[in-house]
Amino acid sequence: VTVEYGEKISTEFNDLVDTEGLSKDVIAEWKKETKITSDVKNEVVEIKDEAGNVTGTEEKDYPAVGKYTVNVTYKDDKYKQSAEVKDTTAPAVTLKDNAEYIQINTGTDLNTFDFASMIVVEDLSEITKKNIDFSQVNSGVVGNYPIAVTAEDKYGNTDTTNVYAIVADAGTDITALVEEVQEQKATDEKKKAEEKKESTKTSSKSDNSSNSNKNNT
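The paragraphs below set out a description of the structure included in this document. Just so we're clear, the structure is a prediction, and the values are computed from it rather than from any experiment.

Take the environment of Thr106 next. Within the element layout of this structure, Thr106 appears in the loop between β8 (102-105) and β9 (119-122). Judged by relative accessible area, Thr106 falls into the partly exposed class, the value being 30%. C-alpha of Thr106 to C-alpha of Gly140: the two residues are 34 residues apart in sequence and 5.6 Å apart in space. Those residues in contact with Thr106, other than ones at most four positions away along the chain, are Ser139, Gly140, Val142, Val167, Ala168 and Asp169. A polar side-chain atom of Thr106 sits 2.8 Å from a polar atom in the side chain of Asp169.

Moving on: the sheet that holds strand β10 (residues 127-133). A sheet is described by the order of its strands in space; here four strands give the open sequence β8-β12-β11-β10, paired in mixed fashion. The open sheet has two free edges, formed respectively by β8 and β10, since each of these has just one partner strand. Across the sheet, the mean angle from the axis of one strand to that of its neighbour is 30°, orientation sign disregarded. Across four bridges, the pairing between β8 and strand β12 (residues 158-168) is parallel. Looking at the pairing, Asn105 lines up with Ala168 of β12.

Opposite charge on two side chains lets them pair, provided their charged atoms get close. If you walk through the whole model with that rule in mind, you get three salt bridges. Residues Glu29 and Lys75 are paired through a salt bridge, measuring 3.7 Å at the closest nitrogen-oxygen approach. You can see Glu29 sitting in helix α2 (residues 24-33) and its partner Lys75 sitting in the loop between β5 (66-74) and β6 (77-86), a full 46 residues away along the chain. Residue classification places Glu29 among the partly exposed residues on the basis of a relative accessible area of 30%. Note that Glu58 is salt-bridged to Lys60, the shortest N-O span being 3.6 Å.

Procedures and definitions
- Residues numbered from 1 in each chain as written.
- Predicted model: local features only at pLDDT ≥ 70, side-chain atom pairs only at ≥ 80, totals over all residues.
- Heavy atoms only, no water.
- Helix = DSSP H or I, 4+ residues; strand = E, 2+ residues; numbered from the N terminus.
- Buried < 20%, exposed > 50% of the residue type's maximum accessible area, 1.4 Å probe, protein only.
- Contact = heavy atoms within 4.5 Å.
- Polar contact = N/O pair within 3.5 Å; in protein donor to acceptor, adjacent residues only side chain to side chain.
- Pairing = 2+ DSSP bridges.
- Axes fitted to C-alpha atoms, helices over the stretch in contact; angles between N-to-C directions.
- Salt bridge = Lys/Arg side-chain N within 4 Å of Asp/Glu carboxyl O.

Now the structure itself:
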């Protein structure tokens, strides 16, 4: 069984034992006679301050990435279920306070503009790389511009997401530009959904081919 990082591995009788069609008395007897043990435990992570100093620990409500075993024993019958927790989810990129865009006044020096404070990168795992590419933004021309944010976690999951900046003079009506940003974001989301769907198909075909090869050996 493969479990995505952040999800729980159940060690509950009702989740591990198929009791469909059994009477309540039989189920009760099975529960009484069944012993479930495992090495599954919640992950404990260090809490660090801005300087990187450890200030404490926090227990999550899910296990760490790794392999686990759940043992189910009913009288003389023993069953072992192996489970592996994997992190295959890329970091999520948004703007601070769920803003739709970053507003930049015309003529702003982009090299000193604090993009990083406005961009939020979230992931259950540690973020190891973050790059903000604002090379397409022209602060001298009114308009909306994509900013490509690439983030990677410690398991190698990476993703590039466009956030948008609107360049305009203070007090300018930017209604049309906001609408353009909304349309571009919708297009980006649709494209990502299609890419994810295609990636899932490819992964499924690869898994089926691998299983077929195993069966033929």
